[in-house]
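A closer look at the structure
For reference, the chains in residue letters:
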Amino acid sequence: EISATPQALHHLIEPFMDDLALAVECMFTWYWVSDFCLKYNITFVLGHALYMKAIHGTKTKNDKIDSQKIAMLLRGGLIPMAYVYPQAMRATRDLLRRRMYFMYKRAELLAHIQNTRSQYLVEAFDGPVARKRHRHNILEKFHEQAVAKTIESDLSLLNHYDTVISSLENYLKRVVKEQKYNDFFLLRTVPGIGEILALVILYEIHDIHRFEKVQNFTSYARLIKPHKESAGKIKGSSNKKIGNAYLKWAFSEAVLLLIRERDEVKQLHLKLKNKHGKAIALSILSHKLGRAVYYMLRQRKVFDVHTFVS
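This section reports on the structure supplied with the text. (Residues numbered from 1 in each chain as written. Predicted model: local features only at pLDDT ≥ 70, side-chain atom pairs only at ≥ 80, totals over all residues. Heavy atoms only, no water.)

1. Here's the deal with helix 10 (residues 245-261)
What counts here: Counting from the N terminus, the helices are DSSP H or I runs at least four residues long and the strands are E runs at least two residues long. Expected helix span is computed as 1.5 Å times (number of residues minus one). Residue contacts are counted whenever heavy atoms from the two residues lie within 4.5 Å of one another. Residues adjacent in sequence count toward polar contacts only when both atoms are side-chain atoms; beyond that, a polar contact is any pair of N or O atoms within 3.5 Å, and within protein one must be able to donate a hydrogen and the other to accept it.
Taking 1.5 Å of rise per residue, the 17 residues of helix 10 would be expected to cover 24 Å, and the 25 Å separating its terminal C-alpha atoms lies within 8% of that figure. Tucked into the core, helix 10 has its buried residues touching helix 8 (195-205), helix 9 (214-220), helix 11 (263-276), helix 12 (278-299) and helix 13 (305-309). Here helix 10 starts with a cap whose side-chain oxygen sits 2.9 Å from the backbone nitrogen of Tyr246, and that cap is Asn244.

2. A look at the environment of Ser219
The condition is simple: Exposure categories follow from relative accessible area, calculated using a 1.4 Å probe and restricted to protein chains: below 20% of the type maximum is buried, above 50% is exposed, and the middle band is partly exposed.
With respect to the helices and strands, the residue Ser219 is situated in helix 9. Judged by its relative accessible area of 35%, Ser219 is partly exposed. Beyond its immediate chain neighbours, meaning those up to four positions away, Ser219 contacts Ile224 and Ile242.

3. A few points about the pairing of strand 2 (residues 43-47)
Quick note on the threshold: Here, a strand pair is defined by DSSP locating no fewer than two bridges between the strands. Looking down the strands as they point away from you, a crossover is right-handed if its path from the first strand over the helix to the second goes clockwise.
A large share of strand 2 lies buried, amounting to four of its five residues. Note that strand 1 (residues 21-25) and strand 2 share five bridges and pair parallel. Residue pairing in the sheet places Ala23 in a bridge with Val45 of strand 2. For the crossover that starts at strand 1, traverses helix 2 (residues 30-39) and ends in the parallel strand 2, the hand is right-handed.

4. A look at the packing of aromatic side chains
Rules: Between 30 and 60 degrees the pair is tilted, below 30 it is stacked and above 60 it is edge-to-face, where a pair is any two Phe, Tyr or Trp rings, Trp via its six-membered ring, whose centres lie within 6.5 Å. Whether a charge sits over a ring depends on NZ of Lys or CZ of Arg being within 6 Å of the ring centre and within 35 degrees of the ring normal.
Enumeration over the complete set of coordinates arrives at 14 aromatic pairs. Taking 5.3 Å as the distance between ring centres and 70 degrees as the angle between the ring planes, the aromatic pair formed by Phe211 and Phe217 counts as edge-to-face. Overall, Phe217 belongs to the buried group, its relative accessible area being 0%. In this structure an aromatic cluster arises from ring pairing among Phe211, Phe217, Tyr220, Phe251, Tyr294 and Tyr295. If you follow Arg117 out to its NZ or CZ, it ends over the ring of Phe125, 5.9 Å from the centre. We note Lys288 situated over the ring of Phe308; from NZ or CZ to the ring centre the distance is 5.4 Å.

5. Focus on the side chain of Glu204
If you trace the backbone, Glu204 turns up in helix 8. Here the side chain of Glu204 touches Asn244 through a polar contact of 2.9 Å, side chain to side chain. For Glu204, the contacting residues outside a window of four places in its chain are Arg93, Arg97, Arg210, Tyr220, Asn244, Tyr246 and Leu247.

6. Section: the pattern of salt bridges
Quick reminder of the rule: For this analysis, a salt bridge means a side-chain nitrogen from Lys or Arg found within 4 Å of a carboxyl oxygen belonging to Asp or Glu.
Taken as a whole, this structure holds 14 salt bridges when the rule is applied. Residues Arg99 and Glu169 are paired through a salt bridge, measuring 2.9 Å at the closest nitrogen-oxygen approach. Of this pair, Arg99 sits in helix 5 (residues 87-119) while Glu169 sits in helix 6 (residues 145-179), and the two are 70 residues apart along the sequence. The shortest N-O distance in the salt bridge between Arg260 and Glu261 comes to 3.7 Å. When its relative accessible area of 43% is taken as the criterion, Glu261 is described as partly exposed. One salt-bridge network, held together by shared partners, links Arg106, Arg135 and Asp162.

Quick look at the structure:
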């Protein structure tokens, strides 16, 4: 039992540092341990939290038992390893994820304003509330004082979120211009993928060569549906949430924008929708786009819409 500081960790393992590998479970606090191992040239192994069933399946569970089992898995070469994201890009990736959280909160406010309008039978607004120019006379439409105060609070928060998100996006765009990522400009060749969406995909992937096959990438991006199979028969599906939720969101958004931008993709979507239904059609196109992005980044080629729809 030590304090979670590099100094305490160094004092504990100093006698064994000549021949040592250090493994941790993938939780949000692994960053500093990884940096510590890099500084002292110690082999660092990051264990995938969801796959480390040997730790979570015991009757008694505490830190001492967990650490012993992690060491046993590491010694036997059985520890399921997660990707150690590079230190230089972590902070920007986390900032992109934080921006997405703010966008979810902003969307909740927009939905609440529209739901309140429907609840109190208020006449339709002049335009989408998401745009600032349509918010100037919204309060006048709510005649009950308490309801108007609720909408005023929502609008105040909404304006603040707009300011914060705009500031974050401007900073992120400057980062791209300073770093001059070639992969960023490749992703921008996909119709509908803008600067922020390209940044999310770029920072969540980091290096496309860490995925040996396209199947590994689409699985990581949650673009395929896993099946449970026994004796050649499919028994169901599970583990849909294992993978990168941010890449799943990015490709889902990108497909909708791609359908809007290109008529060829719109026709393909209509054909798939008539055959499979709307939800499955979008899933198929998301999977196709994920595969296209994989080969674009691997082969250093721009997006070709004719190859995509063929």
